[in-house]
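Chain by chain, the residues:
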Amino acid sequence: MTGDANGMAAGGAKQAAPGSGAPEAVQATSGGKREARVIGPGKTIGVLGGGQLGRMMALAGAPLGYRFMALDPVADGPCGQVSAQIVAAYSDQEAAAELAARTDVITYEFENVDAEVAALLEERSYVPQGSRLLYTTQHRLREKAALEAAGATVAPYAAITSEAELDAAVARLGTPCVLKTATGGYDGKGQFVIRDRGEVAAAYAELAESGAELVLEQFIAFECEISVIAARSSMGETSTFPPAENIHRGGILHASIVPARVPAGILAEAEQLAARIVESFDAVGLLAVEMFYGKDGKLYVNEVAPRPHNSGHYTMEACVTSQFEQHVRAICGLPLGSPELRTPVVMVNVLGEHLDGVNKLMLSPESIGTDLVHPKFHLYGKAEGKTGRKMGHINLLCGDPADALAWIDNAGIWPVENDG
């Protein structure tokens, strides 16, 4: 199965749906599938998940007058430190019912929400993102089919149910290729890069052990990876943030560079493509669209995430409106804010192995930056700094991203030899 070329022309992707109502109005959107409500300031937003995304969402929503309540099994987690919290497992239906009763609108900060809990919340509360979007994005094969239906190009792929099927697909798609679990997996987990057919048996044995469905993807030769954060409000208004150029190390995002260092026409095409996908998916809230800019000059959509995204953290200081404020506005039916970029920026992730160095840096004069680079620190308050675990990020505001990249190298906290 392959995707067709999207044939999109470059152009602006920001648009607003006509019509609005009084704050108390209840309006139908999405072809009548969901009732859209305006949730005004003073109301409480429930967050399924208590990690850093929920934390930054609460911090962005508080100035707008909203209260927050998280449901998470970890007490005093990142979100629970800045909001009320129900401490319970995500699969706890009684806790979900309590969250529904104590909040006015519910959102989620991660995709792997228990299906029964999602259905219960939809029945008892207002969940503008709905469960259909989760159903699509929780499964790579369903997601790819939906992307193709939206007119996006994806890497050639095949569903895999046996080792023999994998061997035949590898022969057809060529090497290198990537075997992935259709569900779960993040930051490089649940994947096996097959570099020659001799690795087929090992790849199948390793990933089939999970019991998850598998998908094989052809490797795309790319110039770089980019992503676009698209927003769509419950009232149908859409907006896109400037594309970020993403650098990964060991399958984990290391840095995002904005503006992305690709031709202007590709940047415009990427925004327009993300806007088309968020509309086609009937999404409410944010949709992060990750893409490859291929050496053939085409854009290939890799995957999407229905929530604020690591590659959108740069928006917190660099844009007129942050991705977190935009998400709150979108799910509450408020007008969307401007996504305009105010300054070039490089976002660098702080993992567990970087935390000691960053803590020392924050206590030193170097933490205020230079005339060319202005660091903005964001630490998430996680109790344990494990290797590879996201503990924070730094937004480096700059006139030229090259200066911010040099600052990262000179800091000595992120060893260059770890590049992957």
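What this report covers is the structure whose coordinates are included nearby. (Residues numbered from 1 in each chain as written. Predicted model: local features only at pLDDT ≥ 70, side-chain atom pairs only at ≥ 80, totals over all residues. Heavy atoms only, no water.)

## Examining the overall build of the protein
So, point 1. Counting its regular elements, the protein contains 12 helices and 19 strands.
So, point 2. Its C-alpha atoms give the protein a radius of gyration of 21 Å, near enough to 22 Å, the size a compact globule of 420 residues would have.
So, point 3. Residue burial in the protein is summarised as follows: out of 420 residues, 55% are buried.
So, point 4. In the protein, once contacts between residues fewer than 6 apart in sequence are set aside, the share between residues at least 24 apart is 65%.
So, point 5. In the structure as shown, the protein presents an accessible area of about 17200 Å², 50% of it carried by carbon and sulfur atoms.
So, point 6. Each charge class in the protein can be summarised by its mean position, and for the 33 positive and 51 negative side chains these summaries are 3 Å apart. (Helix = DSSP H or I, 4+ residues; strand = E, 2+ residues; numbered from the N terminus. Rg over C-alpha atoms; globule rule 2.2 N^0.38 Å. Buried < 20%, exposed > 50% of the residue type's maximum accessible area, 1.4 Å probe, protein only. Contact = heavy atoms within 4.5 Å. Areas by Shrake-Rupley, 256 points an atom, 1.4 Å probe, with all protein chains shown as cover. Lys, Arg positive; Asp, Glu negative; His and termini not counted. Charge placed at Lys NZ, Arg CZ, Asp CG, Glu CD.)

## Some words on the packing of helix α2 (residues 93–102) against helix α3 (residues 115–124)
So, point 1. Two elements in contact, α2 and α3, have axes separated by 9 Å at closest approach and are oriented at 30°. Classed by the angle they form, the pair α2 and α3 counts as roughly parallel. For α2 against α3, the interelement crossing comes out right-handed. Where α2 approaches α3, its residues Q93, A96, A97 and A100 are matched on the opposing element by E116, V117, L120, L121 and R124.
So, point 2. Looking at side-chain class alone, the contact of α2 with α3 contains 6 nonpolar, 1 polar and 2 charged residues. (Axes fitted to C-alpha atoms, helices over the stretch in contact; angles between N-to-C directions. Parallel < 35°, antiparallel > 145°, perpendicular 65-115°, else oblique. Left-handed = near helix turned anticlockwise from the far one by under 90°. Nonpolar A, V, L, I, M, F, W, Y, C, P; charged D, E, K, R; others polar.)

## Some remarks on the side chain of K382
So, point 1. Structurally, K382 is set in the loop between β18 (373–379) and β19 (390–398).
So, point 2. A relative accessible area of 18% places K382 in the buried class.
So, point 3. Among the polar contacts listed, one links the side chain of K382 to the side chain of Q52, at a separation of 2.9 Å.
So, point 4. Filtering out sequence-adjacent residues up to four positions away, K382 remains in contact with Q52, P78, R389, K390 and M391. (Polar contact = N/O pair within 3.5 Å; in protein donor to acceptor, adjacent residues only side chain to side chain.)

## A look at the nonpolar core
So, point 1. Within the largest apolar cluster, 51 residues are counted, with the highest numbers of intra-cluster contacts made by L121, I277, F281, M291 and V301.
So, point 2. Here this core gets 7 residues from one element, more than from any other, and that element is helix α8 (residues 264–280).
So, point 3. With residues up to four places along the chain from it excluded, the contact list for V301 reads L147, A152, T153, V154, L273, I277, V289, E290 and M291.
So, point 4. V47, A60, V105 and Y126 belong to the second-largest nonpolar core, a separate cluster that totals 21 residues. (Core = buried A, V, L, I, M, F, W, Y, C linked by side-chain atoms within 4.5 Å.)

## Considering the sheet that holds strand β4 (residues 67–72)
Pairing between sheet strands relies on hydrogen bonds along the backbone, with the strands arranged either parallel or antiparallel.
So, point 1. The 4 strands are arranged β5-β4-β3-β6 in an open sheet whose pairing can be described as parallel. Two strands bound the open sheet, and with one partner strand each, they are β5 (84–87) and β6 (105–108). Geometrically, the sheet is characterised by an average inter-axis angle of 25° between neighbouring strands, direction not taken into account.
So, point 2. Bridge count for strand β3 (residues 44–48) against β4 is 5 bridges, and the pairing is parallel. The residue bridging I45 from the neighbouring strand is F68, located in β4.
So, point 3. Sheet contacts for α2: β3, β4, β5 and β6; angle to β4, the most-contacted strand, approximately 175°. (Pairing = 2+ DSSP bridges.)

## Looking at α2
Each full turn of the α-helix corresponds to 3.6 residues, which orients residues three or four apart in the same direction.
So, point 1. Regarding α2, the residues found buried are A95, A96, A97, L99 and A100.
So, point 2. In this structure, the buried side of α2 is in contact with β3, β4, β5, β6 and α3.
So, point 3. Between the side-chain oxygen of the N-cap and the backbone nitrogen of E94 there are 3.0 Å, and the N-cap of α2 in question is D92.

## Regarding helix α5 (residues 140–149)
So, point 1. Within the span of α5, buried status applies to R140, L141, E143, K144, A146 and L147.
So, point 2. The first or second residue beyond α5 is G151, which carries a positive phi of 90°.

## Brief notes about the packing of aromatic side chains
Ring pairs (aromatic) are described by centroid distance and by the angle formed between their planes.
So, point 1. All told, the structure shown has 4 aromatic pairs when counted by the stated rule.
So, point 2. Arranged with centres 4.7 Å apart and planes meeting at 50°, the rings of Y90 and F110 form a pair that is tilted. In this pair, Y90 is assigned in the loop between β5 and α2 and F110 in the loop between β6 and α3, connecting sequence segments 20 residues apart.
So, point 3. Of the residues examined, Y90 reaches a relative accessible area of 25% and is grouped as partly exposed.
So, point 4. Since its relative accessible area comes to 17%, F110 is described here as buried.
So, point 5. Measuring from ring centre to ring centre gives 4.9 Å for F222 and F292, while their planes differ by 20°; the resulting arrangement is stacked. (Phe/Tyr/Trp six-rings, centres within 6.5 Å; stacked < 30°, edge-to-face > 60°.)

## Structural notes on the packing of helix α6 (residues 163–173) against helix α7 (residues 200–208)
So, point 1. Where α6 meets α7, the closest approach of the two axes is 10 Å, and the angle between their N-to-C directions is 130°. Accordingly, the angle class assigned to the pair α6 and α7 is oblique. Both α6 and α7 take part in a crossing whose hand is right-handed. When α6 is examined against α7, the residues E163, L166, D167 and V170 are found in contact with a partner set consisting of V200, A201 and Y204.

## Concerning the state of the cysteines
So, point 1. In the structure shown here, the tally under the stated rule is 0 disulfides.
So, point 2. C79 forms no disulfide, and the closest cysteine sulfur to it belongs to C332, at a distance of 14 Å.
So, point 3. Residue classification places C79 among the buried positions, given a relative accessible area of 0%. (Disulfide = S-S within 2.5 Å.)

## Remarks on the pattern of salt bridges
So, point 1. Taken as a whole, this structure holds 12 salt bridges when the rule is applied.
So, point 2. For D282, the salt bridge is made with R132, and the minimal N-O distance between the two is 3.9 Å. Of the two residues, D282 is situated in the loop between α8 and β15 (285–294) and R132 in helix α4 (residues 132–137); the sequence distance between them amounts to 150 residues.
So, point 3. We classify R132 as partly exposed; its relative accessible area is 48%. (Salt bridge = Lys/Arg side-chain N within 4 Å of Asp/Glu carboxyl O.)

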